[in-house]
Amino acid sequence: MTVIRSQIIGCGAYLPERILTNDELARMVDTSDEWIAARTGIRRRHIVVDGETTADLALRAATRALADARVTAQEIDLVIVATTTPNETFPSVATAVQSRIGMTRGAAFDVQAVCSGFIYGLAVADSFIRTKQAETILLVGAETMSRLMDWTDRTTCVLFGDGAGALVIRAGEGGGDLSDRGVFNTKLYSDGRLHDLLYVDGGPSTTGMTGHLRMLGKEVFKHAVINIAESIEASASASGIAISDIDWFVPHQANQRILDATARRLKVAPQRFISTIEDHGNTSAASVPLALDVAVRDGRIKRGDLILLEAMGGGLTWGAALLRW
Ligand code: ACO
């Protein structure tokens with residue numbers, strides 16, 4: 001049986017040039033390189049400078065992904081940007097990317113699911129492709145989380161970074177079995193009752209200000225390992241595959257301890273979880289495509305590999321996606 005599959009035909013990423021080290025942070029708040037590295041695995045993160053925006057990062061990652069896919073802007077039917085740090089309350093970052101890549105047709109919109117945004121964006125892209133509403137989609141995860149930090153709060157400001165990653169996804173034909181290239185399934189979840197664990201204390205219809213990120217880290221941690229492991233298991237079983245058949249896990253990069261605990265729970269070697277946390281920190285919706293890009297460029301992820309993407313973030317939201325590269 002012939003089926004339509006959302007196939008990834010190119011990827012790209014961009015990190016701002018400015019690197020903020022743990023030692024620099026230790027001069028700003030009461031913390032240390034030892035504490036941050038031991039509790040999170042983070043050593044450094046990239047952050048934007050004055051005037052540098054989420055759309056700037058998104059554009060650079062998108063341009064690289066288009067070049068990698070050898071696709072022109074005019075061939076794109078839809079731009080989706082997963083972000084929680086848009087340049088402006090409206091219009092979307094996606095429309096800024098659309099105009100800046102020179103695309104004069106099709107549609108563009110943002111998806112907001114905080115750190116799970118890229119998985120949500122991939123689920124939307126896959127639905128548009130399978131329902132023939134779009135043939136070629138540019139999906140970007142881009143964030144300037146540094147703009148949401150309270151730089152006096154050591155419990156949050158040491159965790160986050162900025163960056164962007166992008167995929168070009170195109171409709172392709174498959175035989176309907178697990179040897180196909182492309183997305184097999186996506187699993188999305190949320191529980192809005194858990195708002196208070198992770199939120200931003202501002203917004204257009206409350207304070208009229210952007211606000212700062214607030215998090216009960218220990219509580220979020222507890223939910224993270226359980227929710228992520230369950231969503232991975234749900235995605236694997238939806239396609240009838242064993243966890244041990246998955247070549248690479250590309251997780252949201254929140255904390256190395258979450259990655260290690262999830263790997264232990266699933267009885268998977270931790271080396272099969274791609275980790276960029278040391279150099280990137282938590283870049284929210286950008287972290288999964290940034291990690292993907294690193295593993296593709298260094299040759300770990302190869303054409304034909306079975307890949308599991310997963311994330312959890314504010315909302316709480318979480319999810320997973322299974323695909324063959
Ligand atoms: N430097 C030094 N000490 C610190 C720091 C710091 N940067 N931050 C907190 N501490 C102190 C605390 O005050 C506390 O001190 P106390 O014992 O005297 O009260 C102690 O360290 C331990 O604090 P905990 O919060 O218990 O530390 P924990 O081991 O839980 O680590 C962390 C905190 C890293 C935040 C962890 O809980 C975590 O990673 N949580 C999950 C984050 C996550 O997954 N977020 C989801 C995605 S983000 C998104 O969606 C936007």
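Residues numbered from 1 in each chain as written. Predicted model: local features only at pLDDT ≥ 70, side-chain atom pairs only at ≥ 80, totals over all residues. Heavy atoms only, no water.

1. Regarding helix 8 (residues 256-266)
Rules: Any residue under 20% of the maximum accessible area for its type is buried, any over 50% is exposed, and the rest in between are partly exposed; the area is computed with a 1.4 Å probe on protein chains only. Segments assigned H or I by DSSP are reported as helices when at least four residues long, segments assigned E as strands when at least two residues long, and all are numbered from the N terminus. Here, residues are in contact when the closest pair of their heavy atoms is within 4.5 Å. Polar contact is defined as a pair of N or O atoms within 3.5 Å, subject to the rule that within protein one atom must be able to donate a hydrogen and the other to accept it, and that residues adjacent in sequence are counted only when both atoms are side-chain atoms.
Among the residues making up helix 8, those that are buried are I258, L259, A261, T262, A263 and L266. If you follow the buried residues of helix 8, they end up packed against helix 7 (217-238) and strand 11 (248-251). A distance of 2.8 Å separates the backbone nitrogen of R257 from a side-chain oxygen at the start of helix 8, and that oxygen is part of N255. Positive phi shows up at K267, right after helix 8, with a value of about 60°.

2. Comments concerning the site of the ligand
Threshold: Residues are classed as near a molecule or strand on a simple rule: at least one heavy atom within 4 Å of it. Using a 1.4 Å probe, the Shrake-Rupley method yields the accessible areas, and only the shown protein chains count as cover for residues. When residues are sorted by character, Ala, Val, Leu, Ile, Met, Phe, Trp, Tyr, Cys and Pro go into the nonpolar class, Asp, Glu, Lys and Arg into the charged class, and all the rest, Gly among them, into the polar class.
The immediate surroundings of the ligand are formed by 27 residues, with T31, R39, C115, K218 and N255 found nearest. T31 is positioned with one of its side-chain polar atoms (N or O) 2.6 Å from a nitrogen atom of the ligand. With respect to the ligand, the side chain of N255 contributes an N or O atom lying 2.6 Å from an oxygen atom. Contact with the protein chains hides 76% of the accessible area of the ligand, taken as 1,000 Å² for the molecule alone. Sorting the residues of the shell around the ligand by element identifies helix 2 (33-40), helix 6 (154-157), helix 7, helix 8 and strand 12 (306-313) as the ones contributing at least two each. When residues in the shell around the ligand are grouped by element, the largest group, 4 residues, is from helix 7. Class assignment for the residues of the shell around the ligand results in 13 nonpolar, 9 polar and 5 charged.

3. Quick word on the sheet that holds strand 4 (residues 78-82)
Definition in use: Any two strands with at least two DSSP bridges between them are considered paired. Here an axis means a line fitted to C-alpha atoms, over the contact stretch when the element is a helix, while the angle between two N-to-C directions is reported on a 0 to 180 degree scale.
As summarised here, the arrangement of the 5 strands in space is 1-7-6-4-5, forming an open sheet in which the pairing is mixed. Edge positions in the sheet fall to strand 1 (3-14) and strand 5 (107-111), since each of these pairs with one other strand and no more. Put simply, the sheet's adjacent strands are angled 20° from each other on average, direction ignored. As paired elements, strand 4 and strand 6 (residues 136-144) share 5 bridges and run parallel to each other. Residue pairing for strand 6: A82 is matched across the bridge by G141. With respect to the sheet, helix 4 (residues 93-100) is in contact with strand 4, strand 5 and strand 6, its orientation differing from that of strand 5 by roughly 145°. Helix 10 (residues 287-297) rests against strand 1, strand 6 and strand 7 (162-174) of the sheet, and its axis sits at about 85° to strand 1.

4. Regarding the side chain of H280
Secondary-structure assignment places H280 in helix 9 (residues 277-280). Take H280: its relative accessible area is 6%, and that puts it in the buried class. Setting aside chain neighbours within four positions, we find H280 in contact with L15, R44, R45, G161, L290 and V294.

5. Structural notes on the domain arrangement of the protein
The following threshold applies: What marks off one domain from the next here is an automatic or database domain assignment. Buried area, as used here, totals the accessible surface that two parts lose on assembly, with accessibility defined by a 1.4 Å probe and the loss added over both. Should a side-chain nitrogen of Lys or Arg be within 4 Å of a carboxyl oxygen of Asp or Glu, the pair is scored as a salt bridge.
Partitioning the protein into structural domains gives domain 1 (3-174) and domain 2 (182-324). Put simply, the middle of domain 1 and the middle of domain 2, counted by C-alpha atoms, are 14 Å apart. Across the boundary between the two partners, domain 1 contributes 52 residues, which contact 48 residues of domain 2. Buried area between domain 1 and domain 2, both sides added, is near 3,900 Å², and the carbon and sulfur share of it is 64%. Sorting the residues of domain 1 by area buried against domain 2 places C115, I119 and L148 first, and these three jointly supply 17% of that buried surface. Between the two partners, domain 1 and domain 2, sit 4 salt bridges. For D153, the salt bridge identified is with R214, shortest N-O distance 3.9 Å. For the pair domain 1 and domain 2, the interface holds 19 residue pairs in polar contact (both at pLDDT 80 or more).

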